[in-house]
Amino acid sequence: MGVGKSRASTKDKDPKRVLLLKGRQKFSSWDDILLSGKDPRSLLKRGMCHVSFSLVTKGMTDVPDFLWGLSEVQRLNLSHNMLRVLPPDVGRLTRIVVLNLCGNRLKSLPREVGHLQSLKVLFANMNCLAEVPAELSLCRSLEVLSLSHNRLSQLPASLADLSRLRKLNISNNEFAHIPICVFSLKELDFLHVGSNRLENVAESIQCLAGLQIFIAENNNIHSFPRSLCLVTSLELLNLNNNDIQTLPDELYLLCRLRRIAWNPMDKGLHISHNPLSKPLPELVEGGLEMLFSYLKDKKHN
């Protein structure tokens, strides 16, 4: 037993073996594919509609170069890694429809992202973005854009050209006002600007005539924007945790708001945690019908 133990111990202390083990621990799943001589395309997943490639939670600090040769990729998921830079080579993947960069450490996006003419969905939330390239406006097929949880304080004016954009999330950033380009996005039905530094909502919000969900919670908005009452398509309006004291008499025009909502996921009017002046708090407690009735009477008297 003693001899066996001694041999095992000697074997474990072999410097070459230790070196190999240390090196082997650095290999990731795609390294195994390459080292075994397999084509990287064997990692592709071919579904009914899209060709997908996923490198989620791999601890990557860099994107492996072989990826840029996989031109058939349509859904690319690089989320929850430690990427600090997205190479310009991403522009070579011109068939991409969905690009997920969520949960990395990106400070910027390359201008070449504008080459992604087929891109419909871009998740770049939970990064360190301080700016967005103007070339993103060239992605004219873009329908969903999430830039939440970054360090943005402005957006390029050129993003007004994203005429097909339906859903925009710029929450948890450093915006002091809603970027002007947003009011040109006529197809928007979802807009999330919560947890920024907003003190007001511009009258131009009425330009978003098809908006169904508007979330502006956790800001410092001082007054309920009267022009918002003209966006009669609204089904969920969340102004929780602001500094609103009064409500406009025209609020009743928002006829698709069915109730006072308390659950964040519910449709309706969210107006809690505001310093509403009396008798508004009691009316809110009584429900939306009572609140609307009061505002109608107030307007006509």
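Residues numbered from 1 in each chain as written. Predicted model: local features only at pLDDT ≥ 70, side-chain atom pairs only at ≥ 80, totals over all residues. Heavy atoms only, no water.

- Going by the annotation in an unreviewed UniProt entry, the name recorded for the chain is Leucine-rich repeat-containing protein 30, with Octodon degus given as the source organism.

Quick look at the overall build of the chain
And step 1. Counting its regular elements, the chain contains 5 helices and 11 strands.
And step 2. For the chain, with 301 residues in total, the buried portion stands at 47%.
And step 3. The contacts in the chain between residues at least 6 apart in sequence include a share of 31% that link residues at least 24 apart. (Helix = DSSP H or I, 4+ residues; strand = E, 2+ residues; numbered from the N terminus. Buried < 20%, exposed > 50% of the residue type's maximum accessible area, 1.4 Å probe, protein only. Contact = heavy atoms within 4.5 Å.)

Considering the sheet that holds strand E9 (residues 213–215)
And step 1. Taken in spatial order, the 11 strands of this open sheet run E1-E2-E3-E4-E5-E6-E7-E8-E9-E10-E11, and their pairing is mixed. For this open sheet the edge positions go to strand E1 (45–46) and strand E11 (268–270), each flanked by a neighbour on one side alone. (Pairing = 2+ DSSP bridges.)

Here's the deal with the side chain of Asn150
And step 1. Position of Asn150 relative to the elements: it lies in the loop between strand E6 (144–146) and strand E7 (167–169).
And step 2. You can call Asn150 buried: its relative accessible area is 8%.
And step 3. Within the local environment of Asn150, its side chain forms a polar contact with the backbone nitrogen of Leu129, the two atoms lying 2.9 Å apart.
And step 4. Looking at Asn150, its side chain comes within polar contact range of the main-chain oxygen of Ser148, at 3.1 Å.
And step 5. Not counting residues up to four positions away in its chain, the partners in contact with Asn150 are Ala124, Asn125, Met126, Asn127, Cys128, Leu129, Asn172 and Asn173. (Polar contact = N/O pair within 3.5 Å; in protein donor to acceptor, adjacent residues only side chain to side chain.)

Structural notes on the pattern of salt bridges
And step 1. Evaluated as defined, the whole model comprises 8 salt bridges.
And step 2. Note that Glu143 and Arg166 form a salt bridge whose closest N and O atoms lie 3.6 Å from each other. Taken together, the residues span a long stretch of sequence, with Glu143 in the loop between strand E5 (121–123) and E6 and Arg166 in the loop between E6 and E7 at a distance of 23 residues.
And step 3. Taking the relative accessible area as the measure of exposure, Arg166 reaches 30% and is therefore partly exposed.
And step 4. Here Asp189 and Lys167 are joined by a salt bridge, their closest N and O atoms 2.9 Å apart. Here Asp189, found in the loop between E7 and strand E8 (190–192), pairs with Lys167, found in strand E7; they are 22 residues apart in sequence, far enough to count as distant. (Salt bridge = Lys/Arg side-chain N within 4 Å of Asp/Glu carboxyl O.)

Examining a positive patch on the surface
And step 1. Together, Arg84, Arg105, Lys107 and Arg151 make up a region of like positive charge exposed at the surface.
And step 2. Residue position: Arg105 is located in the loop between strand E4 (98–100) and E5. (Patch = residues over 30% accessible without salt bridge, like charges linked within 9 Å, V, L, I, M, F, W, Y side chains within 5 Å. Areas by Shrake-Rupley, 256 points an atom, 1.4 Å probe, with all protein chains shown as cover. Lys, Arg positive; Asp, Glu negative; His and termini not counted. Charge placed at Lys NZ, Arg CZ, Asp CG, Glu CD.)

Things to note about the layout of surface pockets
And step 1. Put simply, the largest pocket is a space of about 160 Å³.
And step 2. For the largest pocket, the full set of lining residues is Phe190, His192, Ile213, Ile215, Glu217, Leu236, Asn238, Pro264 and Met265.
And step 3. Only E8, E9 and strand E10 (236–238) provide two or more residues apiece to the lining of the largest pocket. (1 Å grid on protein atoms, 1.4 Å probe; cavity = no way out; pocket = protein on both sides within 12 Å on 5 of 7 lines; lining within 4 Å. Points joined across faces, edges and corners; volume = space filled by probe spheres on them.)

Describing the environment of Lys278
And step 1. For Lys278, the location among the structural elements is in the loop between E11 and helix H4 (280–286).
And step 2. Between the C-alpha atoms of Lys278 and Gln245, which are 33 residues apart in sequence, the distance is 9.0 Å.

Observations regarding helix H5 (residues 288–300)
And step 1. For H5, spanning 13 residues, the distance from its first C-alpha to its last is 18 Å, which sits close to the expected 18 Å at 1.5 Å a residue.
And step 2. Restricting attention to buried positions, one finds in H5 the residues Leu288, Leu291, Phe292 and Leu295. Axial view of H5: buried residues confined to an arc of 95°, hence all on one face. In H5, the exposed positions angled more than 90 degrees off the buried face are occupied by Glu289 and His300. (Expected span 1.5 Å × (residues − 1). Arc of directions from axis to C-beta.)

Some words on the side chain of Asn240
And step 1. In this structure, Asn240 sits in the loop between E10 and E11.
And step 2. Discounting chain neighbours no more than four positions away, the residues touching Asn240 are Glu217, Asn218, His270, Ile271, Ser272 and Asn274.

Looking at the confidence of the model for the chain
And step 1. Confidence in the prediction of the chain, expressed as mean pLDDT, is 88, and 85% of residues score 70 or more.
And step 2. Low confidence marks residues 1–13, where pLDDT is under 50. Its contacts with residues over four positions away, or in another chain, come to 4 contacts.
And step 3. Residue range residues 15–27 is modelled with pLDDT below 50. Its contacts to residues more than four positions away, or to other chains, number 8 contacts. (pLDDT = per-residue confidence, 0-100.)

Quick word on the environment of Leu165
And step 1. Structurally, Leu165 is set in the loop between E6 and E7.
And step 2. Classification of Leu165 by relative accessible area gives buried; the value is 1%.
And step 3. Sequence spacing of Leu165 and Arg140 is 25 residues, and the spatial spacing of their C-alpha atoms is 8.4 Å.
And step 4. Contacts of Leu165, omitting those with residues within four sequence positions, involve Leu142, Glu143, Val144, Leu145, Leu185, Glu187 and Leu188.

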